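Understanding the architecture of this molecule
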Amino acid sequence: MQNTPQQMQAMAVDEFGHADKLTLHTLPVPMVDAGEVLIRIEIAGVGIWDAMEREGDLVYNEVHFPRVLGGECAGTIVAIGDGVERFAVGDRVYAQSFMNDKGGSYAQYVVVCEKTIAPIPDGLDMLMAGGLPIAGITALNNLLALGIGSETKLMLWGASGGVGHVALQLAKRMGANVFAIASGADGVELCKQLSADEAVDGRADDVAQRARAFAPDGFDAALVLVGGDKVQSTLSLVRQGGIVSFPNGVIPEPKAPDGVELKKANGFADPMLLDELNRLIGIGEFQVHIAQTFALSEAAQAQDAMKQHYLGKIVLRVSGE
């Protein structure tokens, strides 16, 4: 850490509450211990889990303030701890800092366990990589839970969202036929660009009718990334012996029809999942759609922007602050 400053700028809260509790702080750069790396952050992803932590609804360790938010990022490794063998100083990586005891990624630097980071794959720039870590692993883990393979007929609710648009691309690489249910006409257009076999507007179209026409014998699997009665009503179109999967945070949680298995898969990274995610991304052109970019100091505005309609991911541009 010879060339690393001792202090950094970070967006943190001094108490739980609304977005206005997020303010710019000058804090010590966290120290690197064995098995950890220090990343100089360029891009930090913004997710609903960050807002939940800000409000005090997601508390995973002993509460202390100031509390730096942020569950994901991309940047460059500037220091490594003892025992780190898979990475070196200078590597460009993306990383999860979700539920991280040494602070989150709304900061110029973050220390994370080496098991939660991966090299940025060819074809992804730093901006896209910053929005990938949680969405990518959540999408992949759910698709694996569904047993997606060649010709799997997949119903994908929330296909134009942060996790959904990544899941769509991964599912196609895994061989699935994807019926994508998006949000708005712009969401439908994004899903078509990402090679959905069919894309419909969950708010305006007759989803059930279109779904029956797409899979007259029923769907093999459904990945549910949004909640609601309309979503639930379509799950009856999953065939007997099929599977429904969803991640933490879907409210209300879906219920599986009789004869259909229900699985819940989270988005916690590990080296095997990260390697498989990079392998799938490397098959061809891949997009992490960035809807809006904010400065680090605008983290509160970025979290507020999540309440409005948007596609893909919202991120913070940290470098240059």
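Right, let's walk through the structure included here. (Residues numbered from 1 in each chain as written. Predicted model: local features only at pLDDT ≥ 70, side-chain atom pairs only at ≥ 80, totals over all residues. Heavy atoms only, no water.)

Brief notes about the overall build of the chain
In terms of helices and strands, the chain carries nine helices and 16 strands. For the chain, the C-alpha radius of gyration of 20 Å lies close to 20 Å, the compact-globule estimate for 321 residues. Judged by the C-alpha coordinates and their principal axes, the chain covers about 65 × 40 × 35 Å. The proportion of buried residues among the 321 residues of the chain is 56%. Summarising the internal contacts of the chain: among those between residues at least 6 apart in sequence, 66% fall at separations of at least 24. A distance of 4 Å separates the average location of the 24 positive side-chain charges in the chain from that of its 40 negative side-chain charges. (Helix = DSSP H or I, 4+ residues; strand = E, 2+ residues; numbered from the N terminus. Rg over C-alpha atoms; globule rule 2.2 N^0.38 Å. Buried < 20%, exposed > 50% of the residue type's maximum accessible area, 1.4 Å probe, protein only. Contact = heavy atoms within 4.5 Å. Lys, Arg positive; Asp, Glu negative; His and termini not counted. Charge placed at Lys NZ, Arg CZ, Asp CG, Glu CD.)

Thoughts on the layout of surface pockets
Approximately 1,300 Å³ is the volume found for the largest pocket. Surrounding the largest pocket, 44 residues form its lining, Ile48, Trp49, Val163, Leu225 and Gly249 being those nearest its centre. Listed by contribution, the elements that provide at least two residues to the lining of the largest pocket are helix H1 (48–54), helix H3 (133–146), helix H4 (162–173), strand S10 (177–182) and helix H7 (229–234). Tallied by class, residues from the lining of the largest pocket come to 24 nonpolar, 17 polar and three charged. Roughly 240 Å³ of internal volume is contained in the second largest pocket. The wall of the second largest pocket is formed by 15 residues, among which His64, Pro66, Val68, Lys102 and Gly103 lie closest to the centre. Of the residues assigned to the lining of the second largest pocket, the class counts are seven nonpolar, four polar and four charged. (1 Å grid on protein atoms, 1.4 Å probe; cavity = no way out; pocket = protein on both sides within 12 Å on 5 of 7 lines; lining within 4 Å. Points joined across faces, edges and corners; volume = space filled by probe spheres on them. Nonpolar A, V, L, I, M, F, W, Y, C, P; charged D, E, K, R; others polar.)

Description of empty space enclosed by the protein
The final tally for this structure, using the stated rule, is one cavity of 30 Å³ or more. Here the largest cavity defines a volume of roughly 50 Å³. As for the largest cavity, its lining consists of 15 residues, and the residues nearest its centre are Glu53, Tyr60, Gly70, Ser97 and Met99. Among the elements that line the lining of the largest cavity, the one with the most residues is H1, at three residues. In terms of residue class, the lining of the largest cavity is made up of seven nonpolar, six polar and two charged.

What to know about a nonpolar patch on the surface
On the surface, Val59, Val63 and Phe65 cluster together into a nonpolar patch covering about 220 Å² of accessible area. Positionally, phenylalanine 65 belongs in the loop between H1 and strand S4 (67–68). By relative accessible area, phenylalanine 65 is classed as partly exposed at 35%. (Patch = residues over 30% accessible without salt bridge, like charges linked within 9 Å, V, L, I, M, F, W, Y side chains within 5 Å. Areas by Shrake-Rupley, 256 points an atom, 1.4 Å probe, with all protein chains shown as cover. Salt bridge = Lys/Arg side-chain N within 4 Å of Asp/Glu carboxyl O.)

Thoughts on the pattern of salt bridges
Across all of its chains, the model carries 14 salt bridges by this definition. Residue glutamate 55 is joined to arginine 54 by a salt bridge in which the shortest nitrogen-to-oxygen separation is 2.9 Å. On the basis of relative accessible area, glutamate 55 is assigned to the partly exposed category, the value being 38%. Using a relative accessible area of 4% as the deciding quantity, one classes arginine 54 as buried. Glutamate 253 is paired through a salt bridge with lysine 264; the nearest N and O atoms lie 2.9 Å apart.

Looking at the environment of serine 160
With respect to the element layout, serine 160 can be found in the loop between strand S9 (153–157) and H4. For serine 160, a relative accessible area of 4% puts it in the buried group. Sequence spacing of serine 160 and alanine 256 is 96 residues, and the spatial spacing of their C-alpha atoms is 23 Å. Aside from chain neighbours lying at most four places away, what touches serine 160 is His165, Ala182, Ser183, Gly187, Leu190, Cys191, Leu311 and Gly312. A polar side-chain atom of serine 160 sits 3.1 Å from the main-chain amide nitrogen of serine 183. (Polar contact = N/O pair within 3.5 Å; in protein donor to acceptor, adjacent residues only side chain to side chain.)

Regarding the pairing of strand S6 (residues 92–96)
Burial analysis of S6 places four of its five residues in the buried class, which makes it a mostly covered element. Across five bridges, strand S5 (residues 72–80) lies against S6 in antiparallel orientation. Of the residues in S6, the one forming a bridge with cysteine 73 is alanine 95. The pairing of S6 with strand S8 (residues 117–119) spans three bridges and is antiparallel. Across the sheet, the residue bridging to alanine 95 is isoleucine 117, located in S8. (Pairing = 2+ DSSP bridges.)

Details of the pairing of strand S1 (residues 7–13)
Across the seven residues that make up S1, a large majority, five, are buried. Sheet topology places S1 next to strand S2 (residues 22–28); seven bridges connect them, and they run antiparallel. Its bridge partner lying in S2, alanine 10 is registered against histidine 25. Bridge count for S1 against S4 is two bridges, and the pairing is antiparallel. Paired with valine 13 across the two strands is arginine 67, which belongs to S4.

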